[in-house]
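# Descriptive structure summary
The residues making up each chain are set out below.
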Amino acid sequence: MAVETDIMKKVPALDLEAIRKDFPILSQTVHGRPLVYFDNAATGQKPLQVIETVDRYYRETNSNVHRGIHFFSDKATRAYEETRQKVKSFLNATHEHEIIFTKGTTDSINLVAASFGRKFLKAGDEILISGMEHHSNIVPWQLACEAAGAHLKVIPVLDNGALDLAKFTELLSGRVKIVSIVHTSNTLGTVNPVKEIIAQAHEKGIPVMLDAAQALPHQALDVTQLDCDFLAFSGHKLFGPTGVGVLYGKEKWLNEMPPYQGGGDMIRDVSFEKTTYNELPYKFEAGTPNIAGVIGLGAAIDYLNGIGYEAIQAHEAALLQYATSQMEAIEGLRIIGTAPHKASVISFVVDGAHPSDLGTLLDVNGIAIRTGHHCTQPLMARFGVTSTARASFAFYNTLGEIDIFIKALKNAISMCS
Ligand code: C6P
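Residues numbered from 1 in each chain as written. Predicted model: local features only at pLDDT ≥ 70, side-chain atom pairs only at ≥ 80, totals over all residues. Heavy atoms only, no water.

### Concerning the nonpolar core
In this structure, Leu91, Val179, Leu216, Leu231 and Phe395 are the most contacted members of the largest nonpolar core, which totals 73 residues. It is helix H11 (residues 291–307) that contributes the most residues to this core, nine residues altogether. Mapping this core onto the domain boundaries places at least three of its residues in each of domain 1 (7–30 + 308–416) and domain 2 (51–305). If we skip the residues at most four places from it in the chain, leucine 231 touches Leu91, Leu210, Ala212, Leu216, Leu221, Val223, Val246, Leu247 and Tyr248. By size, the runner-up hydrophobic cluster in this structure holds 29 residues, among which are Val36, Phe38, Ala323 and Ile330. (Core = buried A, V, L, I, M, F, W, Y, C linked by side-chain atoms within 4.5 Å. Buried < 20%, exposed > 50% of the residue type's maximum accessible area, 1.4 Å probe, protein only. Helix = DSSP H or I, 4+ residues; strand = E, 2+ residues; numbered from the N terminus. Domains from an automatic or database assignment. Contact = heavy atoms within 4.5 Å.)

Here it is as structure tokens:
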């Protein structure tokens with residue numbers, strides 16, 4: 001069972017026993033078996049540090065932000081804005097006002113598609129996405145294209161689940177107004193060469209948005225070093241609360257873009273004749289935000305920083321390698337997504353066994369995986385399937401859990417055939 005990758009030899013190992021104690025849900029049983037949670041790409045579990053921060057906020061601070069001069073409103077505002085500072089450092093953004101709090105990745109992409117689209121898109125323009133996008137990075141752009149009379153262009157995916165970069169270069173015409181691509185695929189696990197993609201697009205003056213929903217749970221990202229123009233992520237996949245997310249946007253774009261939604265907090269002055277808008281980032285934060293969620297996200301970032309991405313990456317590389325090698329040895333099992341650079345996500349299909357049957361049989365053994373199209377229907381069509389089974393690992397998963405999974409999977413396959 002022991003596997004040690006080269007990277008593991010250089011990085012101190014995670015103290016998994018201590019880490020797992022931070023996640024109360026991991027000690028639950030399901031159908032009488034210890035929970036094996038391999039559905040981390042859908043949502044991450046929450047450490048006590050996040051749970052207690054949210055609990056403490058409601059017990060000791062709860063008030064609205066940016067609105068009152070009383071003690072608790074000031075306390076809530078300071079805690080909320082402190083998280084903005086944490087996210088700025090986490091992403092290495094230049095300015096705090098480049099960090100916009102949203103409901104999640106979907107909301108962040110919709111914001112850019114609607115607002116950037118309204119300002120910069122006209123009939124005949126093109127938007128370039130890839131064939132491995134989540135529906136959240138397809139549909140908002142289709143809506144923007146419909147509104148402007150623009151066209152959606154798609155970078156094809158190769159058989160191993162990597163992007164066809166030669167086609168990307170061909171598709172990067174003068175008509176493209178923005179490139180929006182996923183950093184790490186939720187279905188294939190592919191980690192895209194985004195730095196190269198951004199550099200090529202910038203040579204032609206085209207901005208790039210990154211969907212980082214599945215990247216940040218596994219690796220650090222530096223928006224200054226990447227030079228991306230926009231980046232979206234969700235708090236809940238990053239071991240924080242649901243209903244909160246982030247849009248990073250370069251100041252120069254955000255300043256030019258019109259508000260996405262109207263309401264409280266995003267205005268400077270309102271009259272029936274004319275409304276003027278607040279400065280960044282508030283121009284894009286209409287209404288009472290998810291204050292507890294934002295503060296909980298700050299606790300999740302502190303927690304991840306405390307563990308360290310180097311150790312997380314080394315551990316997850318070992319999990320991925322260990323699970324992949326065992327799954328490849330199972331007759332009739334095909335892994336979809338075998339690109340050389342992958343995060344710890346494994347999608348697979350098995351001859352004669354429907355993914356949902358496999359998922360149900362694994363659940364009986366206390367093992368949580370996801371089955372279905374994973375909100376990537378065009379990608380499913382590309383690989384000639386309608387659904388896959390998907391096991392996705394986080395830093396708190398163990399090699400022992402993979403042993404349990406492989407044994408149960410083999411049993412499930414024999415029951416289906
Ligand atoms: N993928 C999955 O099981 P929200 O729902 O807004 O937090 O995230 C949407 C989203 C956007 N981009 C990518 C790459 C994603 O993986 C997701 C969410 C989950 O794969 C739920 S469908």
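### Observations regarding the environment of glycine 32
Mapped onto the elements, glycine 32 comes out in the loop between strand E1 (29–30) and strand E2 (33–34). Since its relative accessible area comes to 68%, glycine 32 is described here as exposed. The spatial distance from the C-alpha of glycine 32 to the C-alpha of valine 364 is 8.9 Å, given a sequence separation of 332 residues.

### Things to note about the site of the ligand
For the ligand, the set of nearby residues contains 17 residues, the closest of which are Thr106, Asp211, Gln214, Ser234 and Arg370. Threonine 105 is positioned with one of its backbone polar atoms (N or O) 3.5 Å from an oxygen atom of the ligand. With respect to the ligand, the side chain of asparagine 186 contributes an N or O atom lying 2.8 Å from an oxygen atom. In isolation the ligand exposes 510 Å². Once the protein is present, 87% of that is buried. Per-class residue counts for the shell around the ligand are five nonpolar, eight polar and four charged. (Near = heavy atom within 4 Å. Polar contact = N/O pair within 3.5 Å; in protein donor to acceptor, adjacent residues only side chain to side chain. Areas by Shrake-Rupley, 256 points an atom, 1.4 Å probe, with all protein chains shown as cover. Nonpolar A, V, L, I, M, F, W, Y, C, P; charged D, E, K, R; others polar.)

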